[in-house]
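So the chains spell out like this:
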Amino acid sequence: MFAYKLLRLCIVLALGLMSASPALAESRFSFETTPGQLPKSVIPSHYAITLTPDMQSLTFKGSEVIDLDVKTASNTITLNALELDVASAALDGQVAQVKTDEAKQTLILTFPEPVKPGAHKLAIEFAGKIGNQAQGLYYDRYQTAQGQKVLLATQMEPTDARRMFPGWDEPVYRTTYQLTVNVPEKFMAVSNMPVETQKALGQGLKTVTFQRTPKMSSYLMVLVTGELEAIETESAGVKLRVITTEGKKESGRYALEALQKLLPYYDDYFGVKYPLPKLDMIALPGGFSGAMENWGGITYNESILLFDPKTSSQGTKEAIFNVVAHEVAHQWFGDLVTMAWWDNLWLNEGFATWMALKASDQFNPGWNIWLRANASKDVAMGSDARKTTHPIQQPVKDPGEAVAAFDEITYQKGGAVIRMLETYLGEADFKAGMRRYMADHQYSNTTTADLWESLQQASSKPVAAIATSWTEQPGLPVVKVSAACQSTRELVLTQERFTINDPSAAPLMWQIPVSVQKVGAADPVDYTLLTTKTASVREDGCQGAVKLNVADAGYYRVQYEPALFKALQASASKLPEADRVNLLSDTWAMVQAGRLPSTNYLELVQAVRDDTSLAVWEQVLSTLQSIDALQVGRPGRSAFQAYGRSLLAPVFERIGWDAKPGEAQTVALLRSKLLTVLGSFRDEAVIAEARKRFQAFLQTPGSLAPDLRPPVFYIVGRYGDQATYDQLQALGRKTQSTEEKSRFYRAMAASLDPKLARQTLNVSLTDEVNPVLATNLVLAVASDGEHRSLAWDFTKKHTQELLNKQTFFAKNKYIPNLMSVFPDVERATELEAYAKANLPPEAQSEVAKGAERIRFRAGLRQRELTRIDSWVCNQSGSPGGFKAQYCIGNS
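Residues numbered from 1 in each chain as written. Predicted model: local features only at pLDDT ≥ 70, side-chain atom pairs only at ≥ 80, totals over all residues. Heavy atoms only, no water.

## As for the state of the cysteines
Stage number 1. Summed over all chains, the structure comprises two disulfides.
Stage number 2. One disulfide in the model links Cys 873 with Cys 887; its S-S distance is 2.1 Å. Where Cys 873 bonds to Cys 887 through sulfur, the torsion about that S-S bond is close to -95 degrees, and the disulfide is left-handed. Linking Cys 873 in helix α29 (residues 844-874) with Cys 887 in the segment after α29, this pair joins segments that are 14 residues apart in sequence.
Stage number 3. Each bonded cysteine of the protein is numbered by sequence order, and under that numbering the disulfide pairs are 1-2, 3-4. (Disulfide = S-S within 2.5 Å. Helix = DSSP H or I, 4+ residues; strand = E, 2+ residues; numbered from the N terminus.)

## Re the pattern of salt bridges
Stage number 1. Here the structure, examined in full by the defined rule, presents 51 salt bridges.
Stage number 2. Across the salt bridge formed by Arg 557 and Asp 378, the nearest N and O atoms sit 3.1 Å from each other. Of this pair, Arg 557 sits in strand β29 (residues 557-560) while Asp 378 sits in helix α6 (residues 374-384), and the two are 179 residues apart along the sequence. Of the two residues examined, Arg 557 and Asp 378, each falls in the buried class.
Stage number 3. Across the pair Asp 793 and Lys 796 runs a salt bridge whose closest N-O atoms are separated by 3.5 Å. Taken together, the positions of Asp 793 and Lys 796, both in helix α24 (residues 788-797) and three residues apart, correspond to about one turn of that helix. (Salt bridge = Lys/Arg side-chain N within 4 Å of Asp/Glu carboxyl O. Buried < 20%, exposed > 50% of the residue type's maximum accessible area, 1.4 Å probe, protein only.)

## Some thoughts on the sheet that holds strand β11 (residues 176-184)
Stage number 1. Sheet architecture is open: eight strands sit in the order β5-β4-β8-β2-β1-β11-β14-β13, paired in mixed fashion. Taken across any chain shown, the strands that pair with only one partner, and hence form the sheet edges, are β5 (94-95) and β13 (195-202).
Stage number 2. Relative to β5, strand β4 (residues 84-91) runs antiparallel, the two sharing two bridges. Residue Leu 91 lies in a different strand from β5, and its bridge partner there is Gln 94. (Pairing = 2+ DSSP bridges.)

## Here we look at the environment of Phe 270
Stage number 1. Within the secondary structure, Phe 270 sits in helix α2 (residues 253-270).
Stage number 2. Here the alpha-carbon distance between Phe 270 and Ala 439, two residues 169 residues apart in the chain, equals 8.5 Å.
Stage number 3. Setting aside residues up to four positions removed in sequence, Phe 270 forms contacts with Trp 332, Phe 333, Met 355, Arg 435 and Met 438. (Contact = heavy atoms within 4.5 Å.)

## Some thoughts on the side chain of Asp 140
Stage number 1. Here Asp 140 lies in strand β9 (residues 136-144).
Stage number 2. Non-local contacts of Asp 140, meaning those with residues more than four positions away in its chain, are made with Lys 149, Val 150, Leu 151, Leu 284, Pro 285, Gly 286 and Gly 287.

## Examining the pairing of strand β18 (residues 278-284)
Stage number 1. Counting buried positions along β18 yields seven of seven residues, so the element is predominantly enclosed.
Stage number 2. Here β18 shows no split at all, with Lys 278, Asp 280, Ile 282 and Leu 284 on one side and Leu 279, Met 281 and Ala 283 on the other all buried.
Stage number 3. Across five bridges, the pairing between strand β17 (residues 238-245) and β18 is parallel. Of the residues in β18, the one forming a bridge with Arg 241 is Asp 280.
Stage number 4. In the sheet, β18 pairs with strand β20 (residues 297-301) via five bridges, with the strands oriented parallel. Note that in β20 the partner of Leu 284 across the bridge is Asn 301.

## Topic: the sheet that holds strand β16 (residues 228-235)
Stage number 1. On the basis of which strands lie adjacent, the open sheet formed by five strands has the order β16-β17-β18-β20-β19 and mixed pairing. Two strands in the sheet have a free side with no partner beyond their single neighbour: β16 and β19 (291-292).
Stage number 2. Here β19 pairs with β20 via two bridges, running antiparallel. Bridge assignment links Met 292 to a residue of β20, and that residue is Thr 299.
Stage number 3. The sheet strands contacting α2 are β16, β17 and β18, and the helix crosses β16 at an angle near 30 degrees.
Stage number 4. Running over the sheet, helix α3 (residues 314-330) touches β18, β19 and β20 and is turned about 150 degrees from β20. (Axes fitted to C-alpha atoms, helices over the stretch in contact; angles between N-to-C directions.)

## Examining the side chain of Arg 718
Stage number 1. Within the secondary structure layout, Arg 718 lies in helix α19 (residues 709-719).
Stage number 2. Within the local environment of Arg 718, its side chain forms a polar contact with the backbone oxygen of Asp 784, the two atoms lying 2.9 Å apart.
Stage number 3. When neighbours within four sequence positions are excluded, Arg 718 is seen to be in contact with Arg 637, Gly 679, Ser 680, Ala 747, Ala 750, Ser 751, Leu 752, Asp 784 and Glu 786. (Polar contact = N/O pair within 3.5 Å; in protein donor to acceptor, adjacent residues only side chain to side chain.)

## Details of the confidence of the model for the protein
Stage number 1. Summary statistics for the protein give a mean pLDDT of 94 and a share of 96% for residues scoring 70 or more.
Stage number 2. Below pLDDT 50 for its whole length, residues 1-24 participates in 68 contacts with residues either more than four positions away or in separate chains. (pLDDT = per-residue confidence, 0-100.)

## Quick notes on helix α14 (residues 598-607)
Stage number 1. Along α14, seven of the ten residues are buried, which leaves the element largely enclosed by surrounding structure.
Stage number 2. Along α14, the residues classified as buried are Ser 598, Thr 599, Tyr 601, Leu 602, Leu 604, Val 605 and Gln 606.
Stage number 3. Among the structural elements, α12 (562-570), α13 (577-592), α15 (614-631), α16 (637-655) and α29 are those in contact with the buried residues of α14.

## Description of the packing of aromatic side chains
Stage number 1. Enumeration according to the criterion identifies 40 aromatic pairs in this entry.
Stage number 2. Between the aromatic rings of Tyr 266 and Phe 270, the centroid separation amounts to 5.8 Å while the plane-to-plane angle is 45 degrees, which identifies the pairing as tilted. Taken together, the positions of Tyr 266 and Phe 270, both in helix α2 and four residues apart, correspond to about one turn of that helix. Of the two residues, Tyr 266 and Phe 270, neither departs from the other in class, the shared state being buried.
Stage number 3. With a centroid separation of 5.1 Å and 75 degrees between ring planes, the pair formed by Trp 792 and Tyr 834 is classed as edge-to-face. Of this pair, Trp 792 sits in helix α24 while Tyr 834 sits in helix α28 (residues 825-838), and the two are 42 residues apart along the sequence.
Stage number 4. Judged by relative accessible area, which is 0%, Trp 792 ranks as buried.
Stage number 5. In this structure Tyr 834 comes out as buried when scored by relative accessible area, which is 14%. (Phe/Tyr/Trp six-rings, centres within 6.5 Å; stacked < 30°, edge-to-face > 60°.)

## Details of the nonpolar core
Stage number 1. Among the nonpolar cores identified, the biggest contains 282 residues, and Trp 168, Tyr 266, Trp 332, Phe 351, Phe 430 and Leu 548 are the most heavily contacted of them.
Stage number 2. If one sorts the elements of this core by residue count, α2 sits on top with eleven residues.
Stage number 3. Among all residues touching Phe 430, those that are not within four sequence positions of it are Tyr 269, Phe 351, Trp 354, Ile 418, Leu 421, Glu 422, Leu 425 and Leu 455. (Core = buried A, V, L, I, M, F, W, Y, C linked by side-chain atoms within 4.5 Å.)

Rendered as structure tokens:
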């Protein structure tokens, strides 16, 4: 029996919990106290909107009638509008004086007499431009076999509905909408609700009116219109469709099947059935990255919605299911129940991230989703350990700050904290709490406090007291473990803030549900709620290794004292997969933080070198690539890559180039990832075989399996000559598949030849590929192609051209992300100076993150590479080692 007792843990939680939590600063939802920029003296209840786009001039005209409830008499009404020409406004026929404030993104209407409290109708005539960025109503040009075509689409989140129509563009104003559009007869028009009426207008136009929506926030409104086609099915009376540009609808079959599984699963899980009569998933060819959960009409970049069994890989298949699961989860978390203000964005995104993983695992257990989610959680934990982090719940004052909230802390940390709470509370109680939350708050807004209340009622545990330390303060803890043994073993648990390159970070405390289990024991997992700085736990017997954060369900790091770590390392093969991955991740994190030498991690890798787990190797491969990136231009790189080849080649030899009958789905991904790294590490046999298979592909495309295409194209592009480059470019120009096009052009960007890299950089300024891919090519030249200075010099010359191609969400991150490839302290200073002179104020928080990442990488390189070089060369004569010639002069 593995029994635990806390020696210094307060049994009565109410007495001890507050020392580990910030004060409960947030209240439950109240309309009146919700933050926002607009006065709450006027409340809209319904919009009737008519839009007429002009496809030639790329402008639109619009009119709307808004039903209002005026609470307080006033001469003015203030609402949101941005980059709109407002021709007139009248309240119940009374004409208003119109004034716009572009800086505040508002429209101020002034009336001769005070508007009396009560019901009124506001009529507005307006016009605007259809932009090329995914903000408000925008156009998307795309290539077909018949030539270039254009469609129109919308992206309203977070604050761009105001670019298409004047209104109360804050999430707390839940309102019904009825949209009418006048579009070309050959266009299909799609919005949140089904079409109510459609009739010809003459002159090649038709008018389409959609049914009235439920009460919803403005950022969830959608309009897509163009030459589109659809496939459809039904689930529990709900019409389901995948909508694509012409000729691509059959590639939406896999996503439609996924949706058909997910909708009834979510109906049951949340206890509230999907309330709209239809749910469309719309594939957009370019100009829009990611996906958007518009209620009843989800938009996706087609590369993460369309699946072609002949060309799409297992990785693409998994990504599509996960993204669809994420966006469909939003139909409840975000659409049916909406955060009151952007400071609680995580209620949308953190929960959708967690739910997507849960649903993906439910329907695809062979993918080992929870195991492999460690990678994205690791990214969030790395960011959370730096001085530029922020709480999950962060203050948001304006649209610029709202955009900045869409990051890995909101998404991945939010999702990880939810999983930790679910594990601690128990799946049944957590689900009951979710159902209570949905039932109590449907068609309304919430704060995080409302969620904690629902979970607390369902579980009878002090959820708010535990959870606020995770959502209302920045950072994450590390639990340090030491042991003393006489007749029993006493584990001493000490918590402190875990930081990377931030020695002056404020000390913080958390309430940590610490799970503990003896390795190999059949005993159930024990939980200790660590609420104080230090607590002690007793274990019967002194033998065997002990593992904390069992199954990697917690959002905290663990640092074992040397004896405990050595015991775990010796027992690594006996650990479950999730615990092997977690131990590797925590050990590398300790290296990043300067708490352990890199040799500890490398020795641990030796202990798992015979592992067959995809999740384990994903963690190792990612770390090897990180170290290799630090080695660029240094004398130890050849030896390090030789070590990497000696480690990875035996793993690859076990699975081989070609899929075997009945092999697990994860093997295809492992094969692809191993080939990519072995190719990057200059494995001559892999490079030769990739070239051979590429030549066969040119003659017979079906000869190259979909899962082999990403690594093969990458390898031939990396080491290819001008002729190979031209072949890749011709293939990229020819294909109509966004997924394939991206593969070919990314392979071009991976070239190590500076002359070819310059050609790729020049492509980024053209219309040869969509704007998102075009700008990503510059990042790929810097990272995959290793032409850091070349890409940065090019970007400095063409900053505005490249930023103009960026989506609103990505614009502020673009240059900091590019510069983050440098591991040189002086580059951080250069980034800060350049940004101050050339980038807007709202980009400065991302600049600070980028500069911090550069300084961290520089410090890690200086601190660890010599140690890594020495360790690597000491392995050259060991069994399974590599030729010592690589280490001459470097040992």
